[in-house]
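Coordinates in review
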Amino acid sequence: MVPLARRRRPIPAPVTLAALVSGPMAVAVLHPRSRGRDIALFTLQMWGFTMAHELPYDDPEALRRRLLVRYPIVADRVIGLGELPNVRAQRAFSRPGRVTALDRVLSVVHWAWFMEPHLALLIVQARDPARFARAARQMAVTYDLGCAIYFAVPTAPPWWAAEQGYMEPPVEHVTADVAGAEAPHVRRIMVDAGEQLWREAWQPLYDSFNSNPWAAMPSLHFATSVMAALHLSKVGKLAGAAGWAYAGTLGFALVYLGEHYVTDLAAGVALVALIRRGEPLAEPAVEAVNRVLRRLEAIAA
C-alpha cells in the first residue's frame, strides 16, 4: 500500500523503498518454501521493481536537471561509423508515414518482453526446479541493479533525444553536403504501431508502461532477455534456442524502434556478465541474510 499511497501523500522515497524491500522478505518469513511461495516472492520482487523504477520520475523537474542525453549519442556514432545505428536501421527498413508489417512484428516482440523473462523462469521451475532459485535470484538482481543505475545515471532514450533536437551532428562534422539538410530523426515507431493495433486502448496502455521515460541505460529489456536465454540454455537445447532467438530479435527491435541505443544494449550485456561473475563474491552476504530469514520463518511457523 505504501508505494500506491505515495501518489496521494508526500511519502519520502526511502520509506517507499524500505516498504518495497520488506515485501519479499515478509513472504519468505510467513510461508514455508514451496513452488507457490517462490512465485509469490518473485511477484512481489517485480512489484517492488516496478514501483521503484517509477520513483525518480515522481519529481520530473529534479530528474531533468540530472538527465544525461549526449554521451550515448557520441558512443553510438562511433559504433555506427559516424551515423547512429537507429538512423541506419530506420532508413533501411522503415517507411515514414505508414506502419509496415515489420513495424508491427517488432513492436509485438517488444511488448512481449513484459512477460518473456517471467515465462522463462516458469519454464526453468517446471523443467529443472533445482536451478530455479539461482535463476530467479540472478534475474531479480538484474532488474534491481539496473534500477539502481536508473537512479544514479538517468539517461534519455534515442526517441526522446530526437524529439528534443539532440540528434544534430556536431558543428565540426557538418560539411557542405549536409549543411542545411534536415537533421537525422529517430522515430518512435512503436507508438504508430500501437495506435494502429490497439486503437482507443493504446493511450491508457502507453501511459501505464511509460512511467519513467528516462530509464534507458542500461537496457533491461535486453539484459533480462539475455539472462533468460542463458538459463533456458541450461534447461534444454530447444528452450535455449528459443531464448536466444528472442533476445537477438528483441535487440534489433529495440534499436530499430528507437527505444534504445546500441550502447544501452552493450551495457545490459555487461550488467549480466557482472552479475554472473560477481555472484560468488556476494554469496556469503546472501547466505547470511537467508539464515536470518530462516530463523524468523521458524519462529513464525
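Preceding this paragraph is the structure being described.
Residues numbered from 1 in each chain as written. Predicted model: local features only at pLDDT ≥ 70, side-chain atom pairs only at ≥ 80, totals over all residues. Heavy atoms only, no water.

Looking at the overall build of the protein chain
The secondary structure content of the protein chain amounts to 15 helices and 0 strands. The C-alpha atoms of the protein chain give 21 Å as radius of gyration, which agrees with the globular expectation for 301 residues (19 Å, within 12%). Structurally, the protein chain occupies a C-alpha span of about 75 × 50 × 45 Å along its principal axes. Looking at the protein chain as a whole, 45% of its 301 residues are labelled buried. As displayed, the protein chain has an accessible area near 15,900 Å², and 65% of this comes from carbon and sulfur atoms. Averaging the positions of the 31 positive and the 26 negative side-chain charges in the protein chain gives two centres separated by 8 Å. (Helix = DSSP H or I, 4+ residues; strand = E, 2+ residues; numbered from the N terminus. Rg over C-alpha atoms; globule rule 2.2 N^0.38 Å. Buried < 20%, exposed > 50% of the residue type's maximum accessible area, 1.4 Å probe, protein only. Areas by Shrake-Rupley, 256 points an atom, 1.4 Å probe, with all protein chains shown as cover. Lys, Arg positive; Asp, Glu negative; His and termini not counted. Charge placed at Lys NZ, Arg CZ, Asp CG, Glu CD.)

Things to note about the nonpolar core
Residues F42, L121, M139, Y143 and L220 are the most contacted members of the largest nonpolar core, which totals 38 residues. Contact partners of L121, with chain neighbours within four places excluded, come to F42, F132, A135, A136 and M139. (Core = buried A, V, L, I, M, F, W, Y, C linked by side-chain atoms within 4.5 Å. Contact = heavy atoms within 4.5 Å.)

Describing helix 9 (residues 129-152)
End to end, helix 9 covers 35 Å across 24 residues, agreeing with the expected 34 Å (1.5 Å per residue, within 8%). Considered for burial, the residues of helix 9 that qualify are F132, A135, A136, Q138, M139, A140, T142, Y143, G146, C147 and Y150. On the buried face of helix 9, the contacting elements are helix 3 (35-54), helix 8 (116-127), helix 13 (220-235) and helix 15 (262-300). (Expected span 1.5 Å × (residues − 1).)

So, the side chain of R187
Relative to the helices and strands, R187 is located in the loop between helix 10 (158-163) and helix 11 (189-198). Under the relative-accessibility criterion, R187 is labelled buried at 18%. In this structure R187 touches Q90, S94, R95, P96, D192, L257 and G258, once residues within four positions along its chain are discounted.

Brief notes about the pattern of salt bridges
With the rule as written, the count across this model stands at 11 salt bridges. Notably, a salt bridge pairs R131 with D128, separated by 2.8 Å at the nearest N-O pair. Owing to a relative accessible area of 36%, R131 belongs among the partly exposed residues under this scheme. Its salt-bridge partner being R137, residue E283 comes within 3.3 Å of it at the nearest N-O pair. Linking E283 in helix 15 with R137 in helix 9, this pair joins segments that are 146 residues apart in sequence. Via salt bridges that share partners, R134, R137, E279 and E283 belong to a single interconnected network. (Salt bridge = Lys/Arg side-chain N within 4 Å of Asp/Glu carboxyl O.)

A look at the packing of aromatic side chains
In this structure the tally under the stated criterion is 10 aromatic pairs. What links up through ring pairs into an aromatic cluster is the set F49, W113, F114 and Y143. (Phe/Tyr/Trp six-rings, centres within 6.5 Å; stacked < 30°, edge-to-face > 60°.)

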